[in-house]
Amino acid sequence: MIQITNMTGGYGEKPIVDDVSFTIDSGEFFGVVGPNGSGKTTLFKLMSRIIPLWKGNVFIEQKPLQYYTRKQLARKVATLPQIQQSFFSYNVYETVMMGRYAYQTGFFKQPTELDKDVVKRVLEQTGLTKMRTNPLDHLSGGERQRVYLAQALAQEPDILLLDEPTNHLDFSYQKQLLDDLKQLSLTNRLTVVSIFHDLNIASLYCDRLLLMDQGQITQIGKPEEVMKKALLERVYHSSIDVHANPTLSSPQMNLLPDYSLEKTSSILSPELLEVTEEKVVIKTTQLLKTFSSALVGGGFGWYRNFINYHVDKNFNCHSPRQLMLEKCQQWGMAEHDTVAMMTAAHLPDYAVRFSVEENVRILIVVTAGTGNAVDVVHGGNRMLNNQPGTVNTWIFIEGHLSEQAFIQGIVTATEAKTKAFSICGIKDPMTETLATGTSTDSVLIASTQKGENLEYAGPITFLGSRIGEMVYEATKEAIEHNIERMKHT
Ligand SMILES: Nc1ncnc2c1ncn2[C@@H]1O[C@H](COP(=O)(O)OP(=O)(O)OP(=O)(O)O)[C@@H](O)[C@H]1O
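Residues numbered from 1 in each chain as written. Predicted model: local features only at pLDDT ≥ 70, side-chain atom pairs only at ≥ 80, totals over all residues. Heavy atoms only, no water.

Engineer: Help me understand the overall build of the protein chain, please; the structure alone is not making it clear to me.
Structural biologist: On a plain count of helices and strands, the protein chain comes out with 12 helices and 24 strands. The C-alpha radius of gyration computed for the protein chain amounts to 31 Å, which surpasses the reference 23 Å derived for 489 residues by more than 25%, pointing to a less compact arrangement than a globule. In terms of overall dimensions, the protein chain has C-alpha extents of about 105 × 50 × 45 Å along its principal axes. For the protein chain, the proportion of its 489 residues judged to be buried stands at 49%. Sequence separation of at least 24 residues holds for 69% of the intrachain contacts in the protein chain that already meet a minimum separation of 6. Of the roughly 24200 Å² of accessible surface on the protein chain, a fraction of 52% belongs to carbon and sulfur atoms. Of the charged side chains in the protein chain, 46 are positive and 54 negative; the average position of the first set lies 7 Å away from that of the second. (Helix = DSSP H or I, 4+ residues; strand = E, 2+ residues; numbered from the N terminus. Rg over C-alpha atoms; globule rule 2.2 N^0.38 Å. Buried < 20%, exposed > 50% of the residue type's maximum accessible area, 1.4 Å probe, protein only. Contact = heavy atoms within 4.5 Å. Areas by Shrake-Rupley, 256 points an atom, 1.4 Å probe, with all protein chains shown as cover. Lys, Arg positive; Asp, Glu negative; His and termini not counted. Charge placed at Lys NZ, Arg CZ, Asp CG, Glu CD.)

Engineer: Even after reading the chapter, I still don't get the layout of surface pockets, so can you show me in this structure?
Structural biologist: Over the atoms rolls a probe the size of a water molecule, and its path tells where empty space is left. Taken as a whole, the second largest pocket spans an internal volume of roughly 520 Å³. Those elements that place two or more of their residues in the lining of the second largest pocket are α1 (40-47), α2 (70-76), β6 (77-79) and β7 (159-163). Along the lines of polarity and charge, the residues of the lining of the second largest pocket split into 12 nonpolar, 7 polar and 4 charged. (1 Å grid on protein atoms, 1.4 Å probe; cavity = no way out; pocket = protein on both sides within 12 Å on 5 of 7 lines; lining within 4 Å. Points joined across faces, edges and corners; volume = space filled by probe spheres on them. Nonpolar A, V, L, I, M, F, W, Y, C, P; charged D, E, K, R; others polar.)

Engineer: What exactly am I supposed to notice about the packing of helix α5 (residues 141-154) against helix α6 (residues 171-187) here?
Structural biologist: Interhelical geometry of α5 versus α6 gives an angle of 15 degrees and a closest axis separation of 10 Å. Viewed along their axes, α5 and α6 adopt a mutual orientation that is roughly parallel. Viewed along their axes, α5 and α6 form a crossing whose handedness is right-handed. Contacts between α5 and α6 pair G142, E143, Q145, R146, L149 and L153 from the former with Y173, Q176, L177, L181 and L184 from the latter. (Axes fitted to C-alpha atoms, helices over the stretch in contact; angles between N-to-C directions. Parallel < 35°, antiparallel > 145°, perpendicular 65-115°, else oblique. Left-handed = near helix turned anticlockwise from the far one by under 90°.)

Engineer: What is the right way to look at the sheet that holds strand β2 (residues 17-24) in this model?
Structural biologist: Hydrogen bonds between backbone groups are what pair the strands of a sheet, and the pairing can be parallel or antiparallel. Spatially, the 4 strands line up as an open sheet ordered β2-β1-β4-β5, and their pairing is antiparallel. Two strands bound the open sheet, and with one partner strand each, they are β2 and β5 (63-64). With 5 bridges connecting them, strand β1 (residues 2-9) and strand β4 (residues 55-60) associate as antiparallel partners. Following the sheet pairing, T5 is matched in β4 by N57. Contacting β1, β2 and β4, α1 runs over the sheet at an angle of about 115 degrees to β1. (Pairing = 2+ DSSP bridges.)

Engineer: Please clarify how the packing of aromatic side chains should be interpreted in this entry.
Structural biologist: Given two aromatic rings, their pairing is described by the distance between the two centres and the angle made by the two planes. The full count for this structure, using the stated rule, is 6 aromatic pairs. Seen from their ring centres, F291 and F300 are 4.3 Å apart, and the 15 degrees between their planes marks the pair as stacked. On the basis of relative accessibility, which here comes to 34%, the residue F300 falls in the partly exposed class. Aromatic rings pair up to connect F291, F300 and F406 into one cluster. The ring of Y472 has K419 lying over it, and the distance from NZ or CZ to the ring centre is 5.7 Å. (Phe/Tyr/Trp six-rings, centres within 6.5 Å; stacked < 30°, edge-to-face > 60°. Lys NZ or Arg CZ within 6 Å of the ring centre and 35° of its normal.)

Engineer: Teacher, can you tell me more about the site of the ligand here?
Structural biologist: Inspection of the region around the ligand gives Y11, I16, P35, N36, G37, S38, G39, K40, T41, T42 and H197 as its neighbouring residues. For the ligand, an oxygen atom lies 2.9 Å from a polar atom in the side chain of N36. One of the backbone N or O atoms of G37 is found 2.8 Å from an oxygen atom in the ligand. The fraction of the free accessible surface of the ligand (630 Å²) that becomes covered by protein chains is 56%. Class assignment of the residues belonging to the shell around the ligand gives a composition of 3 nonpolar, 7 polar and 1 charged. (Near = heavy atom within 4 Å. Polar contact = N/O pair within 3.5 Å; in protein donor to acceptor, adjacent residues only side chain to side chain.)

Engineer: Whenever I open this one, the sheet that holds strand β10 (residues 216-221) confuses me. Can you help?
Structural biologist: Judged by pairing direction, the sheet is mixed, and its 6 strands sit side by side in the order β6-β7-β8-β3-β9-β10 without closing on themselves. At either end of the open sheet lies a strand with only one pairing partner, and these are β6 and β10. Strand after strand, the sheet turns through a mean of 20 degrees between neighbouring axes, direction not considered. Strand direction decides the pairing type here: β6 and β7, joined by 3 bridges, are parallel. Following the sheet pairing, A78 is matched in β7 by L160. Taken strand by strand, helix α9 (residues 229-236) contacts β3 (29-33), β9 (208-213) and β10, and its axis lies near 35 degrees from that of β9.

Engineer: Please clarify how the pairing of strand β11 (residues 240-244) should be interpreted in this entry.
Structural biologist: Remark: a regular strand shows side chains that alternate across the two faces of the sheet. Note that β11 and strand β12 (residues 251-255) share 5 bridges and pair antiparallel. Residue pairing across strands places D241 opposite N254, the latter belonging to β12. Hairpin connection from β11 to β12: 6 residues lie between these consecutive antiparallel strands.

Engineer: What is the right way to look at the nonpolar core in this model?
Structural biologist: Within soluble globular proteins, side chains that are nonpolar generally end up buried alongside one another. Counting 45 residues, the largest nonpolar core has F29, V92, V96, L160, L181 and F196 as the members making the most contacts within it. Not counting chain neighbours up to four residues away, the residues in contact with V96 comprise V119, V122, L123, V147, A150, Q151 and A154. (Core = buried A, V, L, I, M, F, W, Y, C linked by side-chain atoms within 4.5 Å.)

Here it is as structure tokens:
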């Protein structure tokens, strides 16, 4: 365990690190982050006795740092050396063997069998055995970085202090190095204390983070306690966004540029709609943040082409997504730009609603057929099928929606659709009870993410009430068109 109490120190008259106290547990992967000049490297120099403490103390396993001899300290704490030109005349094996100096005694300091065994093991651990005789200047930057890590590990330290270990490494080498270190901290209880500039990497690998600002601790805790929008914006003086990693629990941040290339002008209007028997298309001039259950481009993403493709009601394709992708390609719409869904509804029966209120434009498009109508309470008693969606609801908004608003918007729109089904008296043909929708409905909500902030979209909010009313009216109208058509066929 490392315990730091009231650590104070620096270079001139004023302390750079000022009255800092914290502890790091054995086997912890501990990250130090903070803006340029916040004192991270100075903290490390004080921790490893490169510069003297003015006040306070550093305890390593309860023993104050100053009571360790240099060799004793080297057996406890290793640092990843900076790239040194002087190493380049040595080969990999010789460079890693230098890490054993703390264990070598006697006048000639010859490596012992134990030294050789340890070097063999760390070469193996770091995947360097095959290149053990290669001179350092024949290695890539990433390979060299691994040699320095092997040298530090050859010291058999309990603690590794790393200052930006992934500097100059491409992302695959960064990942490899950090995976190795994390594995060592998990399996060998190696304590890793590392400075990071990349907050996302720090959040991915560290158990805890220490955020420094102006020589002091601003926050210390788990990544989710440190990776907070307001806190990071205050310390880094930048606009950022913090969001969940799609795969892991570590929060991730994005920089938000403060320049604007595009003049904000309205882009949504009913004139965007192109409707044929084959498809309904909306193309926008800018990418829209979209949340949908579409076949192509489902989930969250940014898109500019929106397609609702008509298929026969008996359509039964085992890979509808593949078919949809092929169609998009035929129409010259790139997958990365396109959201596409299917429907068996007769497309010219679509209904549209458009409103402009309080600087927010809302465009709603609904296509509806009720062939697969189902009461959600009794949905389980029928065969699963690949039949295409029958009610497809599109909601386009000019405004800036929170993620909650996207989800609330979907909920509100679904409730409005169900109300339309109920008012139109649509029944589940199997149960004869009122249907709540059809078996394969799809919904999409897409927003410019510019203009008015729209934090909520529940039924009694401004946005929610508009979505509720407009989706209800459009769905009802599309169902009525459908019923009318069915009467005449
Ligand atoms: N050798 C030195 N002599 C005098 N001042 C120094 C010295 N090294 C650093 N400083 C000053 O100490 C402050 C903190 O520097 P330090 O290197 O600890 O910051 P850092 O957080 O590691 O920054 P960076 O992210 O830029 O590496 C800076 O204002 C810097 O100018």
